[in-house]
Amino acid sequence: MIKKRIFFDPEIKKEGLSKIKKAFERMQYERESGLAGYYDLPVNQSETISAIEDFISTNEYLSHNLIKDLVVIGIGGSSLGTRAIDTLLMFSHNRNIVNIHFLENLDPLYLINSIKKIDLSKAFIVVISKSGTTIETISITKYIFSLLQDPIKGLDLKNKIAVITDRDSPLDRLSKERDWKVFYIPTNVGGRFSVLSPVGLLPLAILGYDIKALLNGAAAMREEFMQNGVELLLFKKAYYYYKHRKKINMNILFSYSSMFEAFNKWYIQLWGESLGKKRKENERVGLTPVGLIGSVDQHSFLQLIVEGPKDKSVTFLKLKNFELPITVPHLSLPYLETTDFVNGRRFQTIINSQCDSTMEAVIEAGVPVDLIEINELNEESAGYLIYYFELLTSAVGAMLQINTYDQPGVEKGKILLKNRLSK
Ligand code: PA5
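Keep in mind it's a predicted model, so treat the numbers as computed, not measured.

Notes on the overall build of the protein
For the protein, the count of helices and strands is 15 helices and 12 strands. Taking 2.2 N^0.38 as the reference for a compact globule, 423 residues should give roughly 22 Å; the C-alpha atoms of the protein span a radius of gyration of 23 Å, in line with that estimate. For the protein, the spread of C-alpha atoms along the three principal axes comes to 70 × 65 × 45 Å. The proportion of buried residues among the 423 residues of the protein is 51%. Contacts in the protein between residues far apart in sequence, at least 24 positions, make up 77% of those at least 6 positions apart. Accessible area of the protein: about 20,700 Å², with a carbon and sulfur share of 53%. Both charge centroids of the protein, one from 52 positive and one from 49 negative side chains, sit 6 Å from each other.

Put into structure tokens, the structure is as follows:
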């Protein structure tokens, strides 16, 4: 169960209603025309699920639990979503004991020390790249291959590698030549919207998660979108962000659980890369995404929200049930009696009250606030949340009339890198 509330007046008059209607229509068009394939991922992947289940149950290493380490090589949209969901659910009973390693950055210090923790003889490798040419992903893959290369037998990875990429990408061609297992990303599903495709589903299934339940959770949010249309609270929020974009140009996701660290990062990428664009007449738009963790960041960024410039909106993400009954002991320590008011209280009650109290203070400071309250962390709620934020991103993009799904701004640097290192 996920409840959503807003604590500000979205000021929707006639013009606002028509803007919301147009955004909804544009999203419907994006879905129906196949322009953005992510919309239907929750409901069109029974074949993918069967293929993944079949692969895991027939692979000699995965089916016999001979794998100790799962190595995911990919960057940006090819790894952040999987990391987000795994971090949210890592303590759930479904998670098997396989260690997961995300290799994404070319920082040699991080890379070497991450690889030191992997037992390469018992590792299963998943290389994920939609384009199949991303320099970080391919360079790390080459490096791992060099470590696995046997001086006599050469590189024999059969059954110990799977590749997830676009059909006919350079990586796909290599994989076919080497007879590696390949799963395809639908062509119309962009990297940062791809976690509910094989990009996330395969590694998450290897880790033991219930990927059908993940998709069911996303499908529940999709159903709300299809049924309620313009009545959806999400559109009121999106309209407010659109209307006030010149003044309120920062969106803060304040998540009250450490399990949301990676989810916040996923949201930052989704929001930043999708909505930071040049609009018509060269207006530069973008609502800078910020991810905070409660209560930790109450001791840091909160001051800026409450007393700093009024250029922020805040979404509080609250987990109602942590399912752990630990309490602060009834221990009164000399000189520390002022802290005794929490003695005997559950940690869960305290962190949730911190969320409520901070939210109250932020609302009082005149900052636009909304709340997403999750009953418990499981595959369903994770899928629901992922899809909710994807829809919200599309809704804001539709209102801004930008291309939510491209990223022309990151191409220039790639060309310059090539020129620099090709000399
Ligand atoms: O969202 C995006 O499109 C990007 O962040 C990509 O996911 C990222 O650049 C990695 O690209 P690729 O999957 O082609 O290796």
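Here we look at the sheet that holds strand β10 (residues 288-293)
An order of β1-β12-β11-β7-β10 is seen for the five strands of this open sheet, with the pairing classed as mixed. Edge positions in the sheet fall to β1 (2-6) and β10, since each has one partner strand and no second. Neighbouring strand axes in the sheet, compared pairwise and without regard to direction, differ in orientation by 15° on average. Sheet analysis places strand β11 (residues 312-319) next to strand β12 (residues 369-374), joined by six bridges and oriented parallel. Counterpart to K318 in the pairing with β12 is E373. Here helix α10 (residues 233-243) sits on the sheet in contact with β1, β7 (250-256), β11 and β12, set at roughly 40° to β1.

Here we look at unusual backbone geometry
Cis peptide bonds are those with omega within 30 degrees of zero, and the linkage from G294 to S295 qualifies with 0°. Structurally, S295 is set in the loop between β10 and α12 (302-307). We note that E11 has phi near 50°; this positive angle belongs to a residue other than glycine. With respect to the element layout, E11 can be found in the loop between β1 and α1 (14-32). The backbone of N65 shows a phi angle near 50°, a positive value even though the residue is not glycine. Structurally, N65 is set in the loop between α3 (60-63) and β2 (69-73).

Points about the site of the ligand
Not every one of the 13 residues close to the ligand is listed here, only the nearest: S78, S129, S131, T134 and Q269. Measuring from an oxygen atom of the ligand, one finds a backbone N or O atom of G77 at 2.9 Å. Note that an oxygen atom of the ligand is positioned 2.6 Å from one of the side-chain N or O atoms of S129. In the complex, 86% of the free accessible area of the ligand, which totals 380 Å², lies under the protein chains. When its residues are assigned to classes, the shell around the ligand shows one nonpolar, nine polar and three charged.

So, the sheet that holds strand β4 (residues 123-129)
Through backbone hydrogen bonds, the strands of a sheet pair up, either in parallel or in antiparallel fashion. Judged by pairing direction, the sheet is parallel, and its five strands sit side by side in the order β3-β2-β4-β5-β6 without closing on themselves. A strand with exactly one partner marks an edge of an open sheet, and here the two such strands are β3 (99-103) and β6 (181-184). Across this sheet, the average inter-strand angle for adjacent strands is 20°, counted without regard to direction. Note: β4 against strand β5 (residues 161-165), five bridges, orientation parallel. Opposite V126, over in β5, you have A162 as the bridge partner. Against the sheet, helix α2 (residues 46-58) engages β4, β5 and β6, with an angle of about 160° to β6.

Some thoughts on the pattern of salt bridges
Evaluated as defined, the whole model comprises 25 salt bridges. The closest approach of N and O atoms between E177 and R178, which form a salt bridge, is 3.8 Å. The exposed category is assigned to E177, whose relative accessible area is 63%. The closest approach of N and O atoms between E283 and R245, which form a salt bridge, is 3.1 Å. Remark: R245 occurs in the loop between α10 and β7 and E283 occurs in the loop between β8 (277-278) and β9 (284-285); sequence separation between them is 38 residues. Accessibility assignment for this pair places E283 and R245 in one class, buried.

Details of the domain arrangement of the protein
By the assigned domains, the protein splits into domain 1 (2-33 + 214-405) and domain 2 (37-209). Using only C-alpha atoms to locate each centre, domain 1 and domain 2 end up separated by 29 Å. Of the residues lining the interface, 32 residues belong to domain 1; the matching set on domain 2 comes to 28 residues. Where domain 1 abuts domain 2, roughly 2,800 Å² becomes buried across the two surfaces, and 70% of that area is made up of carbon and sulfur atoms. There are three salt bridges connecting domain 1 and domain 2. The salt bridge involving E273 is made with R192; its shortest N-O contact spans 3.4 Å. For the pair domain 1 and domain 2, the number of links is 13 residue pairs in polar contact (both at pLDDT 80 or more). Put simply, the parts of the chain that give the side of domain 1 that touches domain 2 at least two residues each are α1, α9 (211-228), α11 (261-275) and α14 (379-400). Its residues assigned to classes, the side of domain 1 that touches domain 2 shows 18 nonpolar, six polar and eight charged.

Procedures and definitions
Residues numbered from 1 in each chain as written. Predicted model: local features only at pLDDT ≥ 70, side-chain atom pairs only at ≥ 80, totals over all residues. Heavy atoms only, no water. Helix = DSSP H or I, 4+ residues; strand = E, 2+ residues; numbered from the N terminus. Rg over C-alpha atoms; globule rule 2.2 N^0.38 Å. Buried < 20%, exposed > 50% of the residue type's maximum accessible area, 1.4 Å probe, protein only. Contact = heavy atoms within 4.5 Å. Areas by Shrake-Rupley, 256 points an atom, 1.4 Å probe, with all protein chains shown as cover. Lys, Arg positive; Asp, Glu negative; His and termini not counted. Charge placed at Lys NZ, Arg CZ, Asp CG, Glu CD. Pairing = 2+ DSSP bridges. Axes fitted to C-alpha atoms, helices over the stretch in contact; angles between N-to-C directions. Near = heavy atom within 4 Å. Polar contact = N/O pair within 3.5 Å; in protein donor to acceptor, adjacent residues only side chain to side chain. Nonpolar A, V, L, I, M, F, W, Y, C, P; charged D, E, K, R; others polar. Salt bridge = Lys/Arg side-chain N within 4 Å of Asp/Glu carboxyl O. Domains from an automatic or database assignment. Buried area = accessible area lost by both parts, 1.4 Å probe.

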